Amino acid sequence: MPSDRNHKVEEDINHIRQMMERSSSFLSLSGLSGIAAGLAGLLGASSIFYILKNQGIDYFDGQPNMYTGTVIGQILIVSCLTLTAALSLAFYFTYRKSKKVGQQIWSPPARNAAAAFGLPVAVGGIVCLLLLWHKTIFLVAPMTLIFYGLALTGTVRFTQKEVYWLGLCEIGLGISGCFLPGYGLVFWLLGFGVLHIIYGAALYRKYK
Amino acid sequence: MKAVDIKGLNRDFESRVRLGIMSVLMVNDEVSFSDMKQMLELSDGNLSSHANALELNGYIEIKKSFAGKKPMTVYMITVYGRAAFSQHIDGLAKMISKT
């Protein structure tokens, strides 16, 4: 029966396509991950505003403030909490989606993507610690954006191409941030908060 | 029998498992036994018997080594295998376009 055979041929081709795609790219990134991470970023940045305000520091007075050790400590704690919250939320939604589409979350492409992502983030982390060490705090926020952007662009080979554009935007924001010392937090809020939400919403609409 | 062009079709790739192994190897340079097993959702025995058959015909290469004391099996596609599988895909595509 020719129609039977055609059916099998079509199935074979679909199977081949699916296996090639699945084994080379990690397509389970969820838009909700981006939105959740963005919200965590917004919350984190607002808490830092709040901490500074409590210390009687007006972030926008244009004065180069020398922060005390306790304030820096608090900022670090808030940053770490924000990062943890953003990562776990992002992981949760992506995990949920990978379950739904039947892709293993720790598949080789996911590992490749994680490795490509991890290196710039690790280097960026070290650079930021060095900046803190040298008390050049105003560069920390733009640097996190730049290295995060580089990490994102590096993963494009293994996942949705939208991350590339997100990465470029983050890098652009980071570089602009270097020209406007004192507004690091604003750029941070735009980069980690607003951009993530826009990206997440776009991804969610496109891939559902 | 209708005159169907079966020239491009390769009997060695008829099984779903072998299609899967070849497809994965077309787009990945090296794939370990456990990754392959996970991606294709196969049992140990099923994967190794099909992989061995593919190796026997020269389509893939099986590299065995030890990571510490654990045996590590890695699959790679051969130049011949890549050409043969491309031809098979072309054959399949032709069959579809004929209808």
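Cut-offs and rules
- Residues numbered from 1 in each chain as written.
- Chains lettered and ligands numbered in written order.
- Predicted model: local features only at pLDDT ≥ 70, side-chain atom pairs only at ≥ 80, totals over all residues.
- Heavy atoms only, no water.
- Helix = DSSP H or I, 4+ residues; strand = E, 2+ residues; numbered from the N terminus.
- Buried < 20%, exposed > 50% of the residue type's maximum accessible area, 1.4 Å probe, protein only.
- Contact = heavy atoms within 4.5 Å.
- Lys, Arg positive; Asp, Glu negative; His and termini not counted.
- Charge placed at Lys NZ, Arg CZ, Asp CG, Glu CD.
- Expected span 1.5 Å × (residues − 1).
- Polar contact = N/O pair within 3.5 Å; in protein donor to acceptor, adjacent residues only side chain to side chain.
- Buried area = accessible area lost by both parts, 1.4 Å probe.
- Salt bridge = Lys/Arg side-chain N within 4 Å of Asp/Glu carboxyl O.
- Pairing = 2+ DSSP bridges.
- Axes fitted to C-alpha atoms, helices over the stretch in contact; angles between N-to-C directions.
- Parallel < 35°, antiparallel > 145°, perpendicular 65-115°, else oblique.
- Left-handed = near helix turned anticlockwise from the far one by under 90°.
- Nonpolar A, V, L, I, M, F, W, Y, C, P; charged D, E, K, R; others polar.
- Patch = residues over 30% accessible without salt bridge, like charges linked within 9 Å, V, L, I, M, F, W, Y side chains within 5 Å.
- Areas by Shrake-Rupley, 256 points an atom, 1.4 Å probe, with all protein chains shown as cover.
- Core = buried A, V, L, I, M, F, W, Y, C linked by side-chain atoms within 4.5 Å.

**Q** Where do I start with the overall build of chain A in this structure?
**A** If you tally the helices and strands in chain A, you get seven helices and zero strands. Overall size of chain A, expressed as C-alpha extent along the three principal axes, is 80 × 25 × 25 Å. Looking at chain A residue by residue over its 208 residues, the buried ones come to 42%. For chain A, contacts bridging at least 24 residues in sequence account for 75% of all contacts bridging at least 6. Where the 16 positive side-chain charges of chain A centre and where its 9 negative ones centre are 4 Å apart.

**Q** Honestly, helix α2 (residues 31-54) of chain A in this entry has me stumped. Any pointers?
**A** Since the α-helix packs 3.6 residues into each turn, any two residues three or four apart lie on the same face. All names here are of chain A. The terminal C-alpha atoms of α2, which comprises 24 residues, lie 35 Å apart, in line with the 34 Å expected from a rise of 1.5 Å per residue. Its side-chain oxygen placed 3.0 Å from the backbone nitrogen of L32, S30 serves as the N-cap of α2. G56 occupies a position one or two residues after α2 and carries a positive phi of about 75 degrees.

**Q** Looking at this structure, I do not really get the interface of chain B and chain A. What am I missing?
**A** By a widely used convention, the size of an interface equals the accessible area lost when the partners come together. At the interface, 24 residues of chain B touch 22 residues of chain A. Carbon and sulfur atoms make up 64% of the surface buried where chain B meets chain A, a total of about 2000 Å² over both sides. Remark: the boundary between chain B and chain A carries three salt bridges. A salt bridge links R111 of chain A to D35 of chain B; the nearest nitrogen and oxygen atoms lie 2.5 Å apart. Linking chain B with chain A are four residue pairs in polar contact (both at pLDDT 80 or more). When residues of the side of chain B that touches chain A are traced back to their parent elements, those giving at least two are α1 (16-27), α2 (33-40) and α4 (79-98) of chain B. Looking at the side of chain B that touches chain A, the element that brings in the most residues is α1 of chain B, giving seven residues.

**Q** Explain the pairing of strand β3 (residues 70-77) of chain B to me, please; I cannot follow it from the model alone.
**A** Remember that side chains alternate between the two faces of the sheet whenever the strand is regular. Residues and elements named next belong to chain B. Bridge analysis of strand β1 (residues 31-32) against β3 gives two bridges, and the strand direction is antiparallel. Of the residues in β3, the one forming a bridge with V31 is Y75. Taken together, the eight bridges between strand β2 (residues 60-67) and β3 define a ladder with antiparallel strand orientation. Residue K64 lies in a different strand from β3, and its bridge partner there is T73. Linking β2 to β3, which pair antiparallel, is a turn of two residues; within it G68 sits at a positive phi near 70 degrees.

**Q** It is not clear to me how the packing of α1 of chain B against α2 of chain B should be interpreted in this structure. Could you clarify?
**A** The description of two packed helices rests on the angle between their axes and on the distance between the axes. All names here are of chain B. At a minimum axis distance of 11 Å, the contact between α1 and α2 shows a crossing angle of 120 degrees. The angle between the axes of α1 and α2 places the two elements in the oblique class. Relative to α2, the crossing made by α1 is right-handed. In this structure, α1 uses V17, G20, I21, V24 and L25 to contact α2, whose residues at the interface are M36, M39 and L40. Tallied by class, residues from the contact of α1 with α2 come to seven nonpolar, one polar and no charged.

**Q** Is there a simple way to explain the pattern of salt bridges in this structure?
**A** Where charged atoms from two side chains of opposite charge approach closely, those side chains can pair. Scanning all chains against the criterion turns up eight salt bridges over all chains. The closest approach of N and O atoms between K8 of chain A and D12 of chain A, which form a salt bridge, is 3.1 Å. Of the two residues, K8 of chain A and D12 of chain A are both situated in helix α1 (residues 2-24); the distance of four residues between them amounts to about one turn of the helix. Between K206 of chain A and E162 of chain A there is a salt bridge, and its shortest N-O distance comes to 2.9 Å. Here E162 of chain A lies in helix α6 (residues 162-179) and K206 of chain A lies in helix α7 (residues 184-207), a separation of 44 residues in the sequence. Where salt bridges share partners, they join K8, E11 and D12 of chain A together with R16 of chain B into one cluster.

**Q** What should I look at first to understand helix α5 (residues 140-154) of chain A in this one?
**A** Residue and element names in this part refer to chain A. Taking 1.5 Å of rise per residue, 15 residues should cover 21 Å, and α5 covers 21 Å from first to last C-alpha, within 8% of that figure. In terms of burial, α5 is a largely internal element, 12 of the 15 residues being buried. Restricting attention to buried positions, one finds in α5 the residues V140, A141, P142, M143, L145, I146, F147, Y148, G149, A151, L152 and T153. Here the buried face of α5 lies against α4 (108-133), α6 and α7.

**Q** What's the story with a nonpolar patch on the surface in this structure? I'm lost.
**A** On the surface, I175, F179, L180 and Y183 of chain A cluster together into a nonpolar patch covering about 420 Å² of accessible area. Residue position: Y183 of chain A is located in the loop between α6 and α7.

**Q** Looking at this structure, I do not really get the nonpolar core. What am I missing?
**A** When a protein is soluble and globular, its nonpolar side chains tend to lie buried together. With 31 residues, the main nonpolar core has M36, I60 and Y75 of chain B as its most contacted residues. Counting residues per element, the ones that place at least two in this core are α1 of chain A together with α1, α2, α3 (44-56), β2, β3 and α4 of chain B. The dominant element in this core, judged by the number of residues it contributes, is α1 of chain B, at seven residues. Discounting chain neighbours no more than four positions away, the residues touching Y75 of chain B are L25, D29, E30, V31, F33, M36, L47, S48, A51, I60, E61 and I62 of chain B. With 14 residues, the next largest nonpolar core counts A45, Y148, V163 and F192 of chain A among its residues.

Geometric descriptors of this kind do not, in isolation, establish any biological role.
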